[in-house]
Amino acid sequence: MFYIDILGIVAFSISGVLIALEKKMDIFGILIIAFVTAVGGGTLRDLLIGHTPVSWMKNITISYIILGSTIIAILFRSKINYLRTSLFLFDTIGISIYTMAGIELGIEAGLHPLICIALGTITASFGGVIRDILCNEIPVIFRKEIYATACILGGITYFVLREFPIQENWIFIISAVVVILIRLLAVKFKISLPRLYKEEFEN
C-alpha cells in the first residue's frame with residue numbers, strides 16, 4: 001500500500017506539472033501546482049477532521065517525492081507524453097487508495113458513513129480541484145469526467161461490504177478495485193454524467 005500511495009503521489013505531481021507547463025508558469029509556480037495537486041485533497045481532509053499537523057507535514061518523504069517528481073517531469077517534459085497512459089493508470093490507482101484512506105479516517109473519527117464517503121472523495125479529487133482553480137480553469141470533475149462519481153460509488157461499496165462478514169483488508173481492496181474499474185470503463189467507453197446544456201451553448 002505504501003508503494004501504491006507513492007505512485008499516486010508521483011502521478012498527481014506530474015499531472016500538476018503538465019498543467020502548469022501548459023499555462024507557461026515559472027519554476028516556482030510549477031512546483032506549487034504539483035504540490036497542491038498531490039496533497040491538496042489530503043490537506044483539506046485533515047483540516048476538516050482536525051488532524052493537525054496535516055499528513056505531509058509529519059512525513060517529509062512526501063515533500064521529497066513531490067519535489068523529485070516535479071524535477072523529473074520538467075527535465076523530461078518532451079518524453080512525458082509517451083507516458084500519459086501509465087500516468088493515467090497511476091492516477092486512477094491513486095484516487096482509489098486516497099478514497100479508501102479518507103473513508104477509514106472518517107470512520108476512526110466516528111463520523112456518519114455519508115460524511116466518510118465525502119471525506120474519501122475530497123481526499124481523492126480536491127487536489128485536482130485546487131489545481132484547476134489556481135490555473136484559472138473550471139475543475140474537470142465539475143464538467144465532464146466520471147471522477148468523483150467513481151470515488152462515491154467505491155465508498156458506497158465499502159459500507160455495503162461492511163455489512164457482511166468480510167475481512168477489513170478485503171473490503172478495502174474490493175472497494176478500491178470498484179473505483180478503478182468505474183474510472184477505467186468511463187474513460188474507455190466515454191461515459192459521463194448527463195449534461196443540462198445544449199451543444200450550441202457549450203464551449
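Fair warning: this is a prediction, and the values are worked out from it, not measured in the lab.

J.: Explain the environment of cysteine 151 to me, using residue names and the numbers behind them.
T.: Position of cysteine 151 relative to the elements: it lies in helix α8 (residues 148-161). Of the residues examined, cysteine 151 reaches a relative accessible area of 0% and is grouped as buried. Between the C-alpha atom of cysteine 151 and that of serine 175, which follows or precedes it by 24 residues, the distance is 9.3 Å. Those residues in contact with cysteine 151, other than ones at most four positions away along the chain, are Ile95, Thr99, Thr121, Ala124 and Val179.

J.: Please give an account of the nonpolar core that cites residues and values.
T.: Residues Ile9, Ile66, Ile95 and Met100 are the most contacted members of the largest nonpolar core, which totals 43 residues. At the level of elements, α1 (2-22), α2 (27-49), α4 (60-75), α6 (84-108), α7 (113-134), α8 and α9 (168-188) are the ones that each hand at least two residues to this core. Excluding residues within four positions of it along the chain, methionine 100 makes contact with Gly154, Gly155, Tyr158, Phe172, Ser175, Ala176 and Val179.

J.: Requested: an account of the side chain of serine 69, with residues and values cited.
T.: Assignment of secondary structure puts serine 69 in helix α4. Exposure remark for serine 69: the relative accessible area of 6% places this residue in the buried category. Of note is the side chain of serine 69, whose polar atom sits 2.8 Å from the backbone oxygen of isoleucine 65. Once you skip the residues sitting within four places of it in the chain, serine 69 turns out to touch Val10, Ser13 and Ile14.

J.: Give me the lowdown on α2, citing residues and values where you can.
T.: One full turn of an α-helix is made of 3.6 residues, so residues set three or four places apart face in the same direction. Compared with the 33 Å implied by 1.5 Å per residue over 23 residues, the 33 Å span of α2 between its first and last C-alpha is a close match. The largest bend along α2 measures about 55° and falls at valine 39. Of the residues that open α2, the one with a side-chain oxygen 3.2 Å from the backbone nitrogen of phenylalanine 28 is aspartate 26.

J.: Quick one: what's the story with the packing of aromatic side chains, residue by residue and with numbers?
T.: A full pass over the atoms with the stated rule returns three aromatic pairs. When the ring of phenylalanine 12 is compared with that of tyrosine 98, the centres are 5.3 Å apart and the planes differ by 45°; the resulting orientation is tilted. In this pair, phenylalanine 12 is assigned in helix α1 and tyrosine 98 in helix α6, connecting sequence segments 86 residues apart. For tyrosine 98, a relative accessible area of 9% puts it in the buried group. Their ring planes at 75° and their centres at 5.5 Å tell us that tyrosine 158 and phenylalanine 159 sit as a pair that is edge-to-face. Exposure class is identical for tyrosine 158 and phenylalanine 159. Each is buried. Positioned above the aromatic ring of phenylalanine 189 is the side chain of lysine 188, whose terminal nitrogen or guanidinium carbon lies 5.7 Å from the ring centre.

J.: Lay out unusual backbone geometry in plain terms, naming residues and giving numbers.
T.: That bond from threonine 52 to proline 53 is cis: its omega, -5°, falls within 30 degrees of zero. Of note, proline 53 is situated in the loop between α2 and α3 (55-58). One non-glycine residue with positive phi stands out, namely lysine 24, at about 60°. For lysine 24, the position within the fold is in the loop between α1 and α2. Here lysine 190, not a glycine, exhibits a phi torsion of approximately 55°, which is positive. Mapped onto the fold, lysine 190 is located in the segment after α9. With relative accessibility at 72%, the residue lysine 190 sits in the exposed group.

J.: Tell me about the environment of alanine 118, and please be specific about residues and values.
T.: With respect to the helices and strands, the residue alanine 118 is situated in helix α7. Its relative accessible area of 34% is what places alanine 118 among the partly exposed residues. The sequence separation of alanine 118 and cysteine 151 amounts to 33 residues, and the corresponding C-alpha distance is 8.9 Å.

J.: I'd love a proper account of the pattern of salt bridges, names of residues and values included.
T.: Applying the stated criterion to the full structure yields four salt bridges. A salt bridge links lysine 23 to glutamate 137; its shortest N-O distance comes to 2.6 Å. Taken as a pair, lysine 23 in the loop between α1 and α2 and glutamate 137 in the loop between α7 and α8 lie far apart in primary sequence, 114 residues in all.

Rules behind the numbers
Residues numbered from 1 in each chain as written. Predicted model: local features only at pLDDT ≥ 70, side-chain atom pairs only at ≥ 80, totals over all residues. Heavy atoms only, no water. Helix = DSSP H or I, 4+ residues; strand = E, 2+ residues; numbered from the N terminus. Buried < 20%, exposed > 50% of the residue type's maximum accessible area, 1.4 Å probe, protein only. Contact = heavy atoms within 4.5 Å. Core = buried A, V, L, I, M, F, W, Y, C linked by side-chain atoms within 4.5 Å. Polar contact = N/O pair within 3.5 Å; in protein donor to acceptor, adjacent residues only side chain to side chain. Expected span 1.5 Å × (residues − 1). Bend = angle between axes of the 7 residues up to and from the residue. Phe/Tyr/Trp six-rings, centres within 6.5 Å; stacked < 30°, edge-to-face > 60°. Lys NZ or Arg CZ within 6 Å of the ring centre and 35° of its normal. Salt bridge = Lys/Arg side-chain N within 4 Å of Asp/Glu carboxyl O.

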